[in-house]
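Below are the chains, spelled out letter by letter.
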Amino acid sequence: SQGSNDGFTGSATTFPPVIRPDIGTGAIFYARRWWGSLAVQHLNRPNMSVIGGPDPINIKYTLTAGYKIPLNVGDKSNPRLMALTPTFTFKRQGGNDQLDLGLYATRKWFIAGMWYRGIPFKKYDSDIQNNESVVFLVGTSYLGFGFGYAYDLTVSTQTVRT
């Protein structure tokens, strides 16, 4: 027999190309030991739909900050410079929000850190807690470039309800 019948009898639907500008802005503030940033995305709320109809993207807000705490470890004759850096990132889009709280340590070229993703005091509905994951990082920096490996360990116990 010529050809095969895989059960598909319709033709592929094609959509005309769509161009939708997506406007965002942000600012970064930094000093010797601290930094902060604010970003706002989807200011013009472009339509996400590819088949027509209104489906605007909600505006997304992101706030990030951190502070580098220098430490001298070792004795006075052989101090070893190290730094601890607490950080946070808060994101909100529509009715969804996310908080990342973290701490990482640096010593010369070595970087190690841990973050918690979730908002433990916030509950959705009446029984779903906002816990998502704990993130681990190990990495290195060289000539101003950082390289790292991060692993997300899921701590959420919620299942999707249908």
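What you see is a predicted model; the values in this text were computed from it and never measured.

### Here we look at the environment of Leu 38
Position of Leu 38 among the secondary structure elements: in strand β2 (residues 34-41). C-alpha separation for the pair Leu 38 and Ala 27, spaced eleven residues apart in sequence, amounts to 5.5 Å. Beyond its immediate chain neighbours, meaning those up to four positions away, Leu 38 contacts Thr 25, Gly 26, Ala 27, Thr 62 and Leu 63.

### As for the pattern of salt bridges
Evaluated as defined, the whole model comprises three salt bridges. Where Arg 92 meets Asp 97, a salt bridge forms, and the shortest distance between an N and an O atom there is 3.1 Å. When the shortest N-O distance is used, the salt bridge between Asp 100 and Arg 117 registers 3.2 Å. With Asp 100 in strand β6 (residues 96-107) and Arg 117 in strand β7 (residues 110-124), this pair connects stretches of sequence that are 17 residues apart.

### What to know about the packing of aromatic side chains
Evaluated as defined, the whole model comprises two aromatic pairs. With centroids separated by 6.1 Å and ring planes inclined at 85°, the aromatic side chains of Trp 109 and Phe 110 adopt a geometry described as edge-to-face. The exposure class of Trp 109 is exposed, given its relative accessible area of 52%.

### Observations concerning unusual backbone geometry
Only a minority of non-glycine residues have a phi that is not negative, and only a minority of peptide bonds are not trans. A positive phi is found at His 42, a non-glycine position, where the angle reads about 65°. Mapped onto the fold, His 42 is located in the loop between β2 and β3 (60-67). With a phi angle near 45°, Arg 45 is a residue other than glycine that sits in the positive phi range. Mapping Arg 45 onto the fold places it in the loop between β2 and β3. Owing to a relative accessible area of 36%, Arg 45 belongs among the partly exposed residues under this scheme.

### Topic: the environment of Gln 93
With respect to the secondary-structure elements, Gln 93 resides in strand β5 (residues 80-93). With residues up to four places along the chain from it excluded, the contact list for Gln 93 reads His 42, Ile 57, Asn 58, Ile 59 and Lys 60. Side-chain polar atoms of Gln 93 contact the backbone oxygen of Asn 58, separated by 3.0 Å.

### A closer look at a nonpolar patch on the surface
On the surface, Trp 109, Phe 110, Met 114, Phe 136, Val 138, Tyr 149, Tyr 151, Leu 153 and Val 155 cluster together into a nonpolar patch covering about 890 Å² of accessible area. For the nonpolar patch, the elements supplying multiple residues, two or more each, are β7, β8 (128-142) and β9 (145-154). The element contributing the most residues to the nonpolar patch is β9, with three residues. Within the secondary structure, Tyr 149 is located in strand β9.

### What about the side chain of Ser 133?
Topologically, Ser 133 is positioned in strand β8. If we ignore the near neighbours within four places in the chain, the residues touching Ser 133 are Trp 115, Tyr 116, Arg 117, Asp 152, Leu 153, Thr 154 and Val 155.

### Re the pairing of β6
Sheet topology note: the β5/β6 ladder contains eleven bridges and is antiparallel. When the bridges of β6 are listed, Leu 84 appears paired with Ala 105. Connecting β5 to the antiparallel partner β6 that follows it, the hairpin turn spans two residues, and Gly 94 within it adopts a positive phi of roughly 60°.

Rules used throughout
Residues numbered from 1 in each chain as written. Predicted model: local features only at pLDDT ≥ 70, side-chain atom pairs only at ≥ 80, totals over all residues. Heavy atoms only, no water. Helix = DSSP H or I, 4+ residues; strand = E, 2+ residues; numbered from the N terminus. Contact = heavy atoms within 4.5 Å. Salt bridge = Lys/Arg side-chain N within 4 Å of Asp/Glu carboxyl O. Phe/Tyr/Trp six-rings, centres within 6.5 Å; stacked < 30°, edge-to-face > 60°. Buried < 20%, exposed > 50% of the residue type's maximum accessible area, 1.4 Å probe, protein only. Polar contact = N/O pair within 3.5 Å; in protein donor to acceptor, adjacent residues only side chain to side chain. Patch = residues over 30% accessible without salt bridge, like charges linked within 9 Å, V, L, I, M, F, W, Y side chains within 5 Å. Areas by Shrake-Rupley, 256 points an atom, 1.4 Å probe, with all protein chains shown as cover. Pairing = 2+ DSSP bridges.

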